[in-house]
Amino acid sequence: MKEKEIYQGVIFTLTQKQVMVNGMQVQRDIIHHPGGVGILLIHANKLLLVSQMRPAIDQKTIEIPAGKLEYGEDPYEAGMRELNEETGFTAKKLKPILTMVSTPGFCDEKIWIYEAIDPAPAKIKLDCDPDEDIETMWIDLATAQKWIQDGKIIDAKTILAIQHALLERR
């Protein structure tokens, strides 16, 4: 089908695409995004989370460490980088948990979620992106579950990662 670029920004591209639905040609606005990665890190029965301001929703969120991929970047390598940048931790390896699509009604963004295996403080801490102001926190899984139920944690990738951790530890 025909697709026309409307806007190209730093983080995403917006296109309009003509598609067939029930025999009719209709227009859809689609956001193309390179994707992201999130890391579940549990150490000494505590979950490592980050808090940062999210201008799109005009509030601070509590999330697993995460970041945007560059187009063509390997999600595993991006996960290791983001874990270090945002938390100062590294891991022996990252175990895939799942790949999700965030909002498939209008966006092609995929997010790869991994679990950090054998995490440890990094010998060399990478700098955060200059436009990031991130705070880290350690909480137990029971508190994380309560924060989801209370609406304190609203980020989808974080909720999925925490639910995975709760199911795995039962």
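Refer to the structure above for everything that follows.
Sequence order sets the numbering: in each chain, residues are counted from 1 along the sequence as written. Thresholds applied to this predicted model are a pLDDT of at least 70 for local features of residues and 80 or more for the giving and counting of side-chain atom pairs; totals over whole chains, interfaces and linings are not thresholded and use all residues. Calculated side-chain values reflect all of the structure's heavy atoms, with hydrogen atoms and water omitted.

Bringing helix H3 (residues 156-168) into the picture now. In this model H3 runs 18 Å from its N-terminal to its C-terminal C-alpha over 13 residues, within 8% of the 18 Å that 1.5 Å per residue would give. Relative accessibility decides the category of a residue: with a 1.4 Å probe and only protein chains considered, values under 20% of the type maximum give buried, values over 50% give exposed, and everything between is partly exposed. Here a helix means four or more residues in a row that DSSP labels H or I, a strand means two or more in a row labelled E, and each is numbered from the N terminus. Listed as buried for H3 are Lys-157, Thr-158, Ala-161, Ile-162, His-164, Ala-165 and Leu-166. The span you would expect from a helix comes to 1.5 Å times its residue count less one.

Once that is clear, we can look at the layout of surface pockets. Here a cavity is any set of points on a 1 Å grid over the protein atoms alone where a 1.4 Å probe fits but cannot get out, and a pocket is any open set with protein on both sides within 12 Å along at least 5 of 7 lines; a residue lines the site when it has an atom within 4 Å of a point. Grid points are joined across faces, edges and corners, and a volume is the space filled by probe spheres set on the points. Roughly 1400 Å³ of internal volume is contained in the largest pocket. Around the largest pocket, the lining is made up of 39 residues, and of these Ile-11, His-33, Arg-54, Lys-68 and Glu-109 lie nearest the centre. Counting residues per element, the ones that place at least two in the lining of the largest pocket are strand E4 (36-40), strand E6 (46-54), strand E7 (59-63), strand E8 (66-68), helix H1 (75-87) and H3. When grouped by side-chain class, the residues that make up the lining of the largest pocket number 16 nonpolar, eight polar and 15 charged. Ten residues, namely Ala, Val, Leu, Ile, Met, Phe, Trp, Tyr, Cys and Pro, are considered nonpolar, four, namely Asp, Glu, Lys and Arg, are considered charged, and the remaining ones, Gly among them, are considered polar.

To continue, consider the sheet that holds E8. Read across the sheet, four strands follow the order E8-E4-E10-E9 without closing on themselves; strand pairing throughout is mixed. The open sheet terminates on both sides in strands that have one partner only, identified here as E8 and strand E9 (89-101). Between one strand axis and the next, the sheet turns by 25° as a mean value, whatever way the strands run. In the sheet, E4 pairs with E8 via three bridges, with the strands oriented antiparallel. Within E8, the position partnered with Gly-36 by the bridge is Lys-68. Here a strand pair is declared whenever DSSP counts at least two bridges between the two strands. Axis lines are fitted through C-alpha atoms, for helices just across the contact stretch, and the angle between N-to-C directions can take any value from 0 to 180 degrees.

Turning to the packing of helix H2 (residues 141-149) against H3, a few remarks are in order. Where H2 meets H3, the closest approach of the two axes is 10 Å, and the angle between their N-to-C directions is 135°. As the angle between them shows, H2 and H3 are arranged oblique. Considering how the two elements wind past one another, H2 and H3 form a crossing that is left-handed. Each of Leu-141, Ala-144, Gln-145 and Ile-148 in H2 lies in contact with H3, whose residues at this interface are Ile-159, Ile-162, Gln-163, Ala-165 and Leu-166. Across the contact of H2 with H3, the residue classes break down as seven nonpolar, two polar and no charged. Each angle gets one of four labels, with under 35 degrees taken as roughly parallel, over 145 as roughly antiparallel, 65 to 115 as roughly perpendicular, and the rest as oblique. For any helix crossing, the convention is left-handed if the near helix is rotated counterclockwise from the far helix by under a right angle, and right-handed if that rotation is clockwise. The contact rule is simple, with two residues in contact once any of their heavy atoms fall within 4.5 Å.

As judged from the five bridges shared by E4 and strand E10 (residues 110-121), these two strands associate in the parallel manner. The residue bridging Val-37 from the neighbouring strand is Trp-112, located in E10.

Below, the discussion takes up the environment of Asp-140. Assignment of secondary structure puts Asp-140 in the loop between strand E11 (135-139) and H2. The spacing of Asp-140 and Gln-59 is 81 residues in sequence and 23 Å in space, taken between C-alpha atoms. Leave out the neighbours within four places in its chain, and Asp-140 touches Asn-45 and Lys-46. Within 3.5 Å is the distance limit for a polar contact, defined as a pair of N or O atoms, with the added protein rule that one can donate a hydrogen and the other accept it, and that residues adjacent in sequence qualify only through two side-chain atoms. Engagement of the side chain of Asp-140 in a polar contact is seen with the backbone nitrogen of Ala-142, the distance being 3.2 Å.

Take the side chain of Glu-86 next. Relative to the helices and strands, Glu-86 is located in helix H1. Here Glu-86 is buried and forms no salt bridge, its nearest opposite-charge partner Arg-54 lying at an N-O distance of 5.9 Å. Separated by 3.1 Å, the side chain of Glu-86 and the backbone nitrogen of Ala-66 make a polar contact. Among residues more than four places away in sequence, those in contact with Glu-86 are Val-50, Gln-52, Pro-65, Ala-66, Lys-125, Cys-128, Glu-132, Ile-134 and Thr-136. His is not counted, nor are the chain ends; Lys and Arg add positive charge and Asp and Glu add negative charge. Salt bridge, as used here: a side-chain nitrogen of Lys or Arg that lies within 4 Å of a carboxyl oxygen of Asp or Glu.

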